[in-house]
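Chain residues, written in single-letter form:
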Amino acid sequence: MRTEVTGTLVFTVITAALGSFQFGYDIGVINAPQQASETIISHYRHVLGVPLDDRKAINNYVINSTDELPTIPYSMNPEPTPWTEEETVAATNLITMFWSLSVSSFAIGGMIASFFEMKQDAPVSFGDLNTLNPSPKPHSPALYDSRHDGVKHYSGLISGLVPMYIGEIAPTSLRGALGTLHQLAIVTGILVSQIVGLEFILGNHDLWHILLGLSAVRAILQSVLLFFCPESPRYLYIKLDEEVKAKKSLKRLRGYDDVTKDINEMRKEREEASREQKVSIIQLFTNSNYRQPILVALMLHVAQQFSGINGIFYYSTSIFQTAGISKPVYATIGVGAVNMVFTAVS
């Protein structure tokens, strides 16, 4: 009896899901490490020229912490000019805005990059290797920004690439089940980033850049493993009309030589696609046949975003701290654990 789960299929799906895992890791990694946000915020304060004496008040306002800021690696005027209360409040609000933009730019970059789905590991690799730099200035916000630029574009690509690739290599009977691994890998990445972001592991002033830079390890590993993964047989056959290569890829994935059934299925799919009328983006909203499905799909995404879950992922540690929880990081890990468990159940 033929089994549809082969070693090659499992290996390929896991390799693809590493991208989804990284997506989740990058969502959760900025939440827990308080020292990381303090360092970046101190840079913003330095650029704005906020006096050193006001650092604690500003830090409390931004991340609700009573801890002293780490030593700032910039030369400061030993006798700063006193600021008025109005100037301090204005600077505080501006720093809050900058920090918020640093986090929210992830979503904007991901949205833009999602329109350009192509194989791309380089942005995360180079950005995170910069963050891993063990030089005397590992906390430079410029390195953080270079990593974040790559991460946000990468995550936008991954959100479309991984489920598409897994769906194209999976047998029809397993397509739905294997497709859910994309989301499961995301929430697993969130939970792992929250755990390794604990202060006694990597979420501290000395090691936070390693916490962010660990993404490079995954990127390099996946880049190597992808060389051993078969190309999508559907892409080869339907898009490129490479039947021989498609059969070769199918044989590796299925573990047997007779792939006639899969080829016939793809042939039928290609014939149906060739008969379909080309539809533009504008027609999706103007044509009555497409308007309702596209609006339903869009509203599902809008509802998910407006549920507020992204705010929890990014700021739950600060939220729990404001609520008076003594160990807010552990509460954040609890949220990640519940999220992962119920994703697996669903």
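Since we're looking at a predicted model, the values are computed, not measured.

S.K.: Describe in detail the packing of helix α1 (residues 7–28) against helix α10 (residues 215–225), supporting the description with residues and values.
M.R.: Orientation of α1 relative to α10, taken along the N-to-C sense of each, is 160°, at an axis distance of 10 Å. Considering their axes alone, α1 and α10 lie roughly antiparallel with respect to each other. Of the two elements, α1 crosses α10, and the hand of that crossing is left-handed. Only S215, R218, L221, Q222 and L225 of α10 make contact with α1, whose side of the interface consists of F11, T15, A16, L18, G19, Q22, Y25 and D26. The class makeup of the residues in the contact of α1 with α10 is six nonpolar, five polar and two charged.

S.K.: Before we move on, can you summarise the nonpolar core with the specific residues and values?
M.R.: Counting residues in hydrophobic clusters, the biggest one holds 21 residues, and the most contacted among them are L9, V13, I27, I166, I169 and L178. Sorting the residues of this core by element identifies α1, α4 (85–113), α6 (141–169), α8 (181–196) and α16 (309–322) as the ones contributing at least two each. Setting aside chain neighbours within four positions, we find L178 in contact with L9, V13, I166 and A170. Judged by nonpolar contacts, the second largest core, of eight residues, contains L236, A246, V259 and M266.

S.K.: For the confidence of the model for the protein, give the residues involved together with the corresponding values.
M.R.: Chain-level pLDDT for the protein is 76 on average; 70% of the residues reach the 70-or-more range. Every residue in residues 53–77 is under pLDDT 50, and counting partners more than four places away or in other chains gives 55 contacts.

Cut-offs used in this document
- Residues numbered from 1 in each chain as written.
- Predicted model: local features only at pLDDT ≥ 70, side-chain atom pairs only at ≥ 80, totals over all residues.
- Heavy atoms only, no water.
- Axes fitted to C-alpha atoms, helices over the stretch in contact; angles between N-to-C directions.
- Helix = DSSP H or I, 4+ residues; strand = E, 2+ residues; numbered from the N terminus.
- Parallel < 35°, antiparallel > 145°, perpendicular 65-115°, else oblique.
- Left-handed = near helix turned anticlockwise from the far one by under 90°.
- Contact = heavy atoms within 4.5 Å.
- Nonpolar A, V, L, I, M, F, W, Y, C, P; charged D, E, K, R; others polar.
- Core = buried A, V, L, I, M, F, W, Y, C linked by side-chain atoms within 4.5 Å.
- Buried < 20%, exposed > 50% of the residue type's maximum accessible area, 1.4 Å probe, protein only.
- pLDDT = per-residue confidence, 0-100.

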